[in-house]
Structure formats: C-alpha cells, structure tokens
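# Analysis of the macromolecular model
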Amino acid sequence: MQDLQHADCIVIQGSNMAECHPVGFRWVMAAKSRGAKVIHVDPRFTRTSAVADLHVPIRAGSDVAFLGGIIRYAIEGERWFRDYVLHYTNAPSLVCEDFKDTEDLDGLFSGWNEKDGQYDPASWAYEGTDVGPAAGNREHFTGQPHSERGTQSGAERFDFTLQHPRCVFQILKRHFSRYTPELVEEVCGVPKELFLKVAEAVCANSGRERTTAFCYAVGWTQHSTGVQYIRTASILQLLLGNIGRPGGGIMALRGHASIQGSTDIPTLYDILPGYLPSPKDKHDTSFEQYVKLNDSPSGWWSEFPKYAVSLLKAWFGAAATKENGWLFDALPRLSGDHSHMTTVAAMADGEVKGYFLMGENPTVGSMHGALHRKAMRQLDWLVVRDFAVTESADFWRDAPEIERGEVRPEDVPTEVFFFPAATHTEKDGAFTNTQRLLQWHHKAVEPPGDCRSELHFLYHLGRRLKELHAGSADPRDQGLLALTWDYPVSGESEEPSAEAVLHEINGFRVADRQPVGQFTDLKDDGSTACGCWIYCGSYKDGVNQTARRKPGREQPWVALEWGWAWPANRHMLYNRASADPEGRPWSERKRYVWWDDEKQHWTGHDTPDFIADRPPSYRPGKDARGIDTLAGDNPFVMQGDGLGWLYAPSGLADGPLPTHYEPQEGVVENLLYGQQCNPGRMEWLRRDNPYHRPWDDPRFPYLITTYRLTEHHTAGAMSRWLTWLSELQPEMFCEVSPELAREKGLTNGGWATITTARGEIEARVLVTERIPPLRIKGRTIQQIGLPYHWGSKGRVRGDAANELISFVADPNVSIQESKALTGAIEAGRRSRGRRVVTSGPLVPALRSGGPERDLPVVGHKPVGPHGISESRTQEGD
Amino acid sequence: MAAVGFFTDTTICIGCKACEVACKEWNQLPDDGLLFTGMSYDNTAALGASTWRHVSFIERPVPLTGQETGLGDFSWLLQSDVCKHCHRAGCLEACPTGAIIRTEFDSVYVQPDVCNGCGYCVVSCPFGVIDRREDDGRAWKCTLCYDRLKGGMEPACAKACPTDSIQFGDLDELRERARGRLERLHRHGVAEAYLYGADAAGQPGTEGLNAFFLLVDKPEVYNLPPDPAAPAKEAKPAWTSMAFAVLGMAAAAVGAVLTARGGRES
C-alpha cells in the first residue's frame, strides 16, 4: 500500500477508501502532500470525497461506461503508452475471423448459446490457436474442455503496426468507439466537462515519467457484471502503461482483516489452496486427467503439477504415492455450481442437511436474509462459531417472520449448536491483508471459558472423525483416514500449534521435514509437500517470516522485512513491467526493478517478478516448453503468452471485453444495447426471490445503494456489542437528499420504511446533500443510501439493509449485486413488525406490458452450472 | 521541561474517529449515551466529562478551495476537537480547591482526588470543554494523557490518528510546522486557511492554546468561540469599574447627607 505515496494521480472508484481503510488511506494522503491529484468517483459525497481534489458523482452500476469512456479518450487522443502496449500487451495479436463484438450483435458477443444460457468461447480465440486462461476453470463454458493442448503458447499472427482490423488493438478501439463523453454524460449522469477532467488527469499522469493508480473495492465487485468492471480498469491501466510500475497499478481493497487469506487458503468451493482448480466430477476422472486439463504448455502456470503434487503430499503424507495418483481420487469433486446462493437456494428446497457458520453471519451480512432463514429452517443441524450469539444463530426464534407469528420457533426442526469463539488476541495465527501481506498475531491471553480458536475446533473435530471411522473399509472414508493430522498440541485445552500449520503451508522436504525456501524448489515427484504454493517461503529457514517486525524507519520504503508478502515476499506483482524491453527503468523517476548487466540478474527496490537470471534479450527456442517460453520482455508471467491481456480470449464467462450492462434492477433502459443486463448473470427464478422490473418499475422508483461506515464492521457482531463504537453510530439510518425528503415527507431524525419485493426495513432518516439525485435523460432519479451494519443483536440494534437485496450474481465469481437495486420509501414505521416475501408477496404483481429484462429472451436455463433452479419450496408457496 | 501540546491540521482529517475511540479506550471512559443526533455523522455532539475528543462534521453549501465536486457548492469540514489546555486557563483560575493544576508538560490537569465537584470550572471554560459527571460529581476533562507522557509516550489520540491530522510534540516546533503548512496552503490558493489559538497575539483572551488548530472557516462554523477569554482576565477591569462605582456612590451618599443637613439647619 505504501507504494501509493509514489502515485502522481490516484483514482478511488468503487471504493470509499478513507471510510473503509482509514489506516491504509494515510498513503493516499502522503501522495496528496507530495502533489498527487486525488479523484473520488462515487454516487455519494463521503469521507473520502471530503479530502479529494475532485469528486465525481456517478450513477451506481455505470462504471464500465465511465471507464470505457476514458479508454476511448486515451485511444482517440493517442495518449496510450505505445512502447509498453506494443511489447507488454496482446494489442498486436490477431483474433480469429469468427469473432463478433457486442457492437455487431446489439450487446452479445459471438458464441452465445441460448439453450444453456452460456457462451462458447471458441470464436473468441486468437487466430489459429487456442490459449487457455491462466488458472484452469474451463467448465464455465458449454462443450468439452479442451483436452488437446496445442504446442502454441499464444497468438500465431500479429500486426505490430496495430492497424489490422482483427488485431486486439483495433477490436478494442471499435468496441469502445461509442463511449463518447456525451454518452458518459447520458449513461453515468456525469457532466461532460467533469468526465473530461478525470480522463485528462489520468492520461496526463501516465507514461514514462508519471503514473496513476486505481483503488477499488466492492463498489465495483458487487454487481452482476462486477468482474468486468475490474477488467475495464485493467485494460485502461495496461493501455496507459501503469501496471507493474511504482505509484501505478490497481489496488484491490479487500474488506476484512484476512479475507485475502480466505481466498488464498480458500474457503471458496471452486479452488484449492494457491488458486489451483477444484477437481470436477465430470472431467477430472484421475490425477493424470486433472493435470492434463489444467496444465499449460507455457507461462508460469506450466509449473502447476509441482504445486498440485506437493499439496496432496501435504494433505495425505506417506499415503499419497505416484502409483495411487497421490490419492487425488480421495478428494471431493464438484458436481456443479456449489456457490453460496446456489447452496442456500438448494438448502431452502430441503437438499442440504447441515451447515457450519464460522465467523459468518449471512442473515445480516449476505443477501435476502429472509431466504437464508427459510433455508436454515430446512436444515437438520446448524453449527455456529462466533463471539456472541448472532442473528444467524438465532434465526429460529428471532426474526421478523417470527415476530409476526408467521413462523413459530417450536415448528423449526433444526438443531442448533453454538460454539463460542476466541478472538484474535486469544490465539496465534496470521492474517493476510489486502496487499497480500501475511502478518502473524501472537496469543496474548487465554480465551475465557469455553471459547476456542478455529484451529482448535477443526483439529479436534477432524481427530474425532478419524477416530470414529478408524478401520473403516468404506472407500468414502479413505481420504479422511489418510489425512495427515499430527500437529503438536499444548496446554490444558490442547491447542494445536499454529506455527506447525504454517510450516506445513510453507512446505517442506518430505525426507527430512526441512522447510522449503521458495516455490521454485517444489517438485512433482513427491519429494516435497506444500500446503499452498504461493505461501511457500513464509517459513523459510525455519523462521516465521510473517512475524518479522523491523520498523519502517530502519529499512527502505518497500519494507521487505516487515511480515511476508506472497508470492516470494514480492510486494508488487508484474514489476518487470517497470523496466523497458531492454531492462532499463522507463525513467529515473519511476525506477523500481531493473536488469543488472554486470551481475547478470534482475535487481531493484522489490523482489523482481521475473526469473532472476533471465536476461531481457532471451527469446525462447522453437521447442521451448513451460517457463522457458517466457521471453526476456514478457512481464506477465502467469499468462500463457506472457502478455497483459487487453482482450481476454478465454477465462471469463461473460465476454473477452467489458461491456456496459445495466444492473438486474435499474432505473433506465440500457442506452447502448438491446441486451439490457449481463446475459451470463446468475438468476434464481423463484417465488421467494422476486425481481423488480429491469427499469421503470412504478412500485420501486428509487435507486438504492448499500455501503459501510467507518464506525462499524460488516454485520456488526464485532462492533455493535462495544459501546465505544456503538455510541458513534447508534442507529440504523438511511441517507436521502433534501428533495426526496420533501417529496416523501421525510424529516431529519425521523423514521422511514424502505421496501423491495424481498422485504422491508425501518431506519432513522438523515437528510443530506451528500446523496444527490441523478439527472438521466432529462429525468431526475432519487437515491436512497443504506449502511448495512445493523441486526437484531447487540447493544445497538436495527434492521438489516441486506434484507432488501435479491439473489442475483456475477457469472464468474458468483458475487451478489448489493450496490445497485431499486426500492420504495415511505415516512414512518410499520405498526406491526416487518414483512418478508417468504411469508407471502409484499407488493402486488404488475400486469404484463412493461419492459422485458433481456432481448433476445434468454429462455429457460437448465439446472446446473450457473443455471436456474426451479422453486420447490417446502413451506407453503 | 518544554511545553508540549497538539497541532490539529483539520484539512487532512478524514473523520474516522480513531481519536475518540483511542481516548475512550486508554482512559477507560464510560459511553455518553447511544443517541442518534441527526447531526451529519456526529453522534457524539460535544466534549464533556466522558468525551475528551469529539469529531465535528460540518456540511456546508460552500465549496472548499482546491476541491471540485459534481454536487456544486458543497464541502464537508471535519475537525477533531479537544481541550485546548489554554495558556491562561479559565478552569484553573476558577478552581477553589487547587485541584486543577498546570503540569510539568504545561498541560492543564484535574486531580480527581482533590476535586470536590463544585462546578466553578464548568462555567469558567470559554469553550465548554470541562464538565461534571452525574454519577461521581467530579469534574473531568482531557489529561493530555498525563500518564502516557510520564512514560515517554505520545497521547493516545495522536498515536491513533492515521493521517497525522493530530500532531503532538514540542509547542515551538509545532507552531513552526503549522506556519509552514499554512504558508503552503496559502501558496496553493487556500486563502481562508488560518491558525486558531496558535499564540497570545492571535488569541489574547486565552494567551494562546497548547492545543491549537488549522481551520478554513470562521470559528463559529466549527462551534468554537471567535474571541474566547479566561473569565478572570475580566476581573481587573471589573473590579476597577466596581471601585469607581463604589467611590462614586460613596461620594453621592456623602454629598446627599451634607446637603440635607445644611438644608434643615438654615
């Protein structure tokens, strides 16, 4: 994060950084004090805006149009960084003839399969070749995964003059040609002059001598087309030559102390540690198949088998051998989409028996609390681990539907187990923060009473399960029994050693258990074990590198001796790009990593992100395989072709290029295309998950957006029990403009009821200029702002904003759309409890005749990956 | 020992309230009630016996020089308020028991074991900082983290502030730094920036504050008095007027008696 201090311009968009990352924000202020321009693009004027040089109010859900507008500005005005783009991106690569853009097909790319509701990416490929995405996730698409890996590592044909109509650069140019400043004004509600100021600032602060950084968070990700927002920023930053450069790049601001760690050592269903793909039932029938389908002939991902074998050796120890395919067959396989909303929908249909909620409170923190609670009422058992009894733990007796008598606690069959949890000061462990930095936290006190750490719970649960099934011959139990589970325990409570776990995650030589120093030392012959290849090095030399605490003032600003960053203690990814093709910094001012010709290796302020001794002049031979295919001027080492992808021939479910789509529930028609919303988005067409009209729903005329406050933390279990935090923001409130307040008779400090088809909530009213109305196509659209921190438990209590949100998700990562939806507001409170759609519809259905969601009609999607599930509600309809 | 205090540069405050929480936590202060005020993001409302740092949130229909927003004429001023530890402190001069003292750090400190809860200090503070607690009756306010200073540490609020809006240190050094910052802001066109209470010349009524501020609007906008004074400063002129009044009335009384006598005898 401290790299931000070197930016000449910082754009904070899809993020309220000062509010949500106040400590990290010090680096933005440091940049500002050095003369950097700070731009905040946000529907509201927030605490970040208060210290920004420029605040741009934007309509939530229109960021692709905004960023696309800047891309067009940079291309038309020839402001893009030519040398960087030519050498480091796939701009010159030619795409195959079959490719058709959204400009040709009114909002769809070629390859849309109406029957399956998915794209077949075959027509997106480079001409004459087939490049797989860096991390294997091929089954997102229809058709067989490609089992014939060609020997090609990238495009076959190029045009370095960037004129060929099918070169990536021209396709990009054409794709964004309609994203003019006038269009940005119409679609985003941003006055042309203001937009041009941003575009100009960003372009003027890019190039050899200057860099611009982007910072984003869930204002970008939590949309049904969220991944493409980040893609648009990536394209822009590649065009401007900002990726891999000091004061440049894109900072992903994650929202919890260790949520980065929760995807690295994943709690996500579709990946294994280190972003290895989870095995799929249909395709990965053996370890050989798994490797074949996920391997890459080129780029760093070609090393993947070493990581996979080492992982299996860590998990299964001596039981995993080459002969038995490293016990790969013992791993559970994915039979489809098991993402959060799909699982909860299946739970509501009675298909899930048990549920563990560990430090997770979905009835408040996730979406559509009522559907979550309905789902949990169908469980046989629920286990909750948390500091205090959460709203999710008490779903069976503390809920609006219970308050209204629509559901009775005595009718809920679920058996609930509550385990009190230890806090971070009561246990050892590491956090992985938003900049991939692992920092150890030391146990300071014993946890009180029965409180225990997650490590304790999971270790002893596993131990007891192993004992229970000891000696079993059932094939299903073999994996469990083979698991290595021999962490040393200590103390009266038998707490397992967290450092022993770190040692295993770091990896060791099987023969002598000596820690491995770097992931390049991992092998695919079973002689190494490693719990997570990207964390390899965190326990180098048997020293807990994550516990290092050399003060910043005693080392250079990159601070490589504080904690440990993955991978390989490298703070900036792709930093090879900070030097030109010959290995010299693009400028003295922006020197970061460079080639030392005398010593014949890369050096610099950071751990170089390149093969240490590979000179800039290296070019792969014809028969080169694996990492030998990476030329000396290919900075993007994780890609098969070593290049930054302006155009993504594969890897994303919803297109090789970002396209402006409207949210599931919006306020205007898509002004660019007939295709209103992201065609690949995930929907759940169920009576208990009703959607509003795509736009102009007369029942729900206002735009709602949800967000955080500095004073509270997510669902509130960590902040609403503390009076020092609770007194700072004691009550749930909504933010409305003075005009909306006048329109609906809302008074500052009074009460309001906010409704969607899913549910309704009550909140205090805060009237403020900071949440302005939008002017779109001559209409005025009012916004309602809702912080989402409140629930029914705690010293301070209130209604949960997420009750209003539906189940709808992005197709790549299945994240919910919480940042743009529609709703209604009335002054005052309901007289008797608040209603939920699981007990019956809240609002009358509309007669047909309004706008349809998609043109052409998507049609019925079959159940399955990203499909829709039929509503099979057990409890009354 | 050199005088130490705070320089609060409100132009870099992000309103995070880390100062409020750090102060409460270090001093183990009770909460002040869970009250939704409707005053922007300020639910703390004011300094008092149990709140020794208070962040103000001022939404103005006036642009901030150097900032442009699509909202038009609008800006949001953020300021962390605190006891000013005045050079000439009204509370200290009013205190009859000697509970309020000036420490070796030149800060103003209430000794809780001496305070008898008379409340004279409460009406003597021109800023409305000090107050009495309902439950134990004594007067409480910011101690400038006296215990931390004795341990060689900086106050909790200054340590917690992520942007260094709250700066702690030797007052002479802070004043120099503040003047440099002011100069830089003026060079960048922020003519309305000024220092509040930086010295006796700027604020004769208190003879300067050991916790002074950089502001960009009138003091009243921040709910600060424009010309605060320790009440005892008014004592000499008040007594002088009183003396003249007494003399005048005595002269009038004597004169009346003499005149009356003279009238009756003749």
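Let us look at the structure shown here. Note that the coordinates shown come from a computational prediction; the quantities given were computed from them, not determined experimentally. (Residues numbered from 1 in each chain as written. Chains lettered and ligands numbered in written order. Predicted model: local features only at pLDDT ≥ 70, side-chain atom pairs only at ≥ 80, totals over all residues. Heavy atoms only, no water.)

What follows covers the nonpolar core. Grouped together as the largest cluster of nonpolar side chains are 123 residues, with contacts concentrated most on Cys734, Ile754, Leu786 and Ile825 of chain A together with Phe212 of chain B. Considering each element in turn, this core owes the most residues, six residues, to helix α13 (residues 340–348) of chain A. Non-local contacts of Ile825 of chain A, meaning those with residues more than four positions away in its chain, are made with Tyr702, Cys734, Val736, Leu740, Lys744, Leu746, Ala752, Thr753, Ile754 and Ile784 of chain A. Among the nonpolar cores identified, the runner-up in size contains 75 residues, and Ala155, Phe176, Ala199 and Cys203 of chain A belong to it. (Core = buried A, V, L, I, M, F, W, Y, C linked by side-chain atoms within 4.5 Å. Buried < 20%, exposed > 50% of the residue type's maximum accessible area, 1.4 Å probe, protein only. Helix = DSSP H or I, 4+ residues; strand = E, 2+ residues; numbered from the N terminus. Contact = heavy atoms within 4.5 Å.)

Attention shifts here to the pattern of salt bridges. All told, the structure shown has 71 salt bridges over all chains when counted by the stated rule. In this structure, Glu711 of chain A and Lys17 of chain B form a salt bridge, with 2.6 Å as the shortest nitrogen-oxygen distance. Within this pair, whereas Glu711 of chain A is found in the loop between β23 (702–707) and α20 (723–726), its partner Lys17 of chain B is found in the loop between β1 (4–9) and α1 (18–27), the two belonging to separate chains. For Glu711 of chain A, a relative accessible area of 3% translates into the label buried. Of the charged contacts in the structure, one is a salt bridge between Arg175 of chain B and Asp172 of chain B, with a shortest N-O distance of 3.4 Å. Of this pair, Arg175 of chain B and Asp172 of chain B both sit in helix α6 (residues 171–187), three residues apart, which is roughly one turn of that helix. We classify Asp172 of chain B as exposed; its relative accessible area is 54%. Overlapping salt bridges, with partners in common, bring together Arg373, Arg377, Glu401, Asp799, Glu803 and Arg834 of chain A in one network. (Salt bridge = Lys/Arg side-chain N within 4 Å of Asp/Glu carboxyl O.)

Structurally, the α-helix is built with 3.6 residues per turn, so residues lying three or four positions apart point the same way. All names here are of chain A. Taking burial as the measure, the nine residues of helix α19 (residues 498–506) include eight buried ones, the bulk of the element. For α19, the set of buried residues is Ala498, Ala500, Val501, Leu502, His503, Glu504, Ile505 and Asn506. In the stretch just after α19, Gly507 is the one whose phi turns positive, near 105°.

Moving on, we get to the interface of chain B and chain A. Interface size is commonly expressed as the accessible area that is lost once the parts come together. Counting from both sides, the interface comprises 42 residues of chain B and, opposite them, 50 residues of chain A. Of the roughly 3,500 Å² buried at the junction of chain B and chain A (both faces included), carbon and sulfur atoms supply 61%. Its largest share of buried area at the contact with chain A, chain B owes to Phe36, Tyr41 and Glu68 of chain B, together 22% of the area lost on that side. In this assembly, chain B and chain A are joined by four salt bridges. We note a salt bridge from Glu68 of chain B to Lys197 of chain A, for which the minimum N-O separation is 2.9 Å. Of all elements in the fold, only α1, β2 (53–60), β3 (68–69) and β4 (75–82) of chain B reach the threshold of two or more residues within the side of chain B that touches chain A. Take the side of chain B that touches chain A: its biggest share by element is four residues, from α1 of chain B. Broken down by class, the residue content of the side of chain B that touches chain A amounts to 18 nonpolar, 14 polar and ten charged. Relative to β3 of chain B, strand β3 (residues 54–56) of chain A is paired through two bridges, and the arrangement is parallel. Residue His55 of chain A lies in a different strand from β3 of chain B, and its bridge partner there is Thr69 of chain B. (Buried area = accessible area lost by both parts, 1.4 Å probe. Nonpolar A, V, L, I, M, F, W, Y, C, P; charged D, E, K, R; others polar. Pairing = 2+ DSSP bridges.)

Moving on: unusual backbone geometry. Residue and element names in this part refer to chain A. Cis peptide bonds are those with omega within 30 degrees of zero, and the linkage from Trp566 to Pro567 qualifies with -10°. At Arg436, a position not held by glycine, the phi torsion is positive, near 65°. Of note, Arg436 is situated in the loop between β13 (429–432) and β14 (437–441). At Gln600, a position not held by glycine, the phi torsion is positive, near 55°. Examined against the element boundaries, Gln600 turns out to sit in the loop between β20 (593–596) and β21 (601–604). Overall, the relative accessible area of 38% leaves Gln600 in the partly exposed class.

Two modes of strand pairing occur in sheets, parallel and antiparallel, and in both the strands are linked by backbone hydrogen bonds. Residue and element names in this part refer to chain A. Pairing in this open sheet of three strands is parallel, and the strands run β10-β11-β12 from one edge to the other. Whereas interior strands pair on both sides, the edge strands pair on one side only; in this sheet they are β10 (354–358) and β12 (415–420). Taken over all neighbouring pairs, the strand axes of this sheet differ in orientation by 10° on average, direction set aside. The pairing of strand β11 (residues 381–386) with β12 spans six bridges and is parallel. Its bridge partner being in β12, Val384 is matched across the sheet by Phe418. (Axes fitted to C-alpha atoms, helices over the stretch in contact; angles between N-to-C directions.)

Next up on the list: the sheet that holds strand β1 (residues 9–13) of chain A. One open sheet holds the six strands; their spatial order is β7(A)-β6(A)-β1(A)-β2(A)-β3(A)-β3(B), and the pairing between them is parallel. One side of each edge strand has no neighbouring strand; the edge strands of this open sheet are β7 (250–252) of chain A together with β3 of chain B. Across the face of the sheet, helix α7 (residues 192–204) of chain A comes into contact with β1, β2 (37–41), β3 and β6 (212–216) of chain A together with β3 of chain B while running at roughly 125° to β3 of chain A.

Turning next to the state of the cysteines. Residue and element names in this part refer to chain B. Under the defined criterion, the tally for this structure stands at zero disulfides over all chains. Here Cys16 is not disulfide-linked; the sulfur of Cys161 is the nearest cysteine sulfur, at 6.3 Å. Cys142 forms no disulfide, and the closest cysteine sulfur to it belongs to Cys83, at a distance of 5.4 Å. (Disulfide = S-S within 2.5 Å.)

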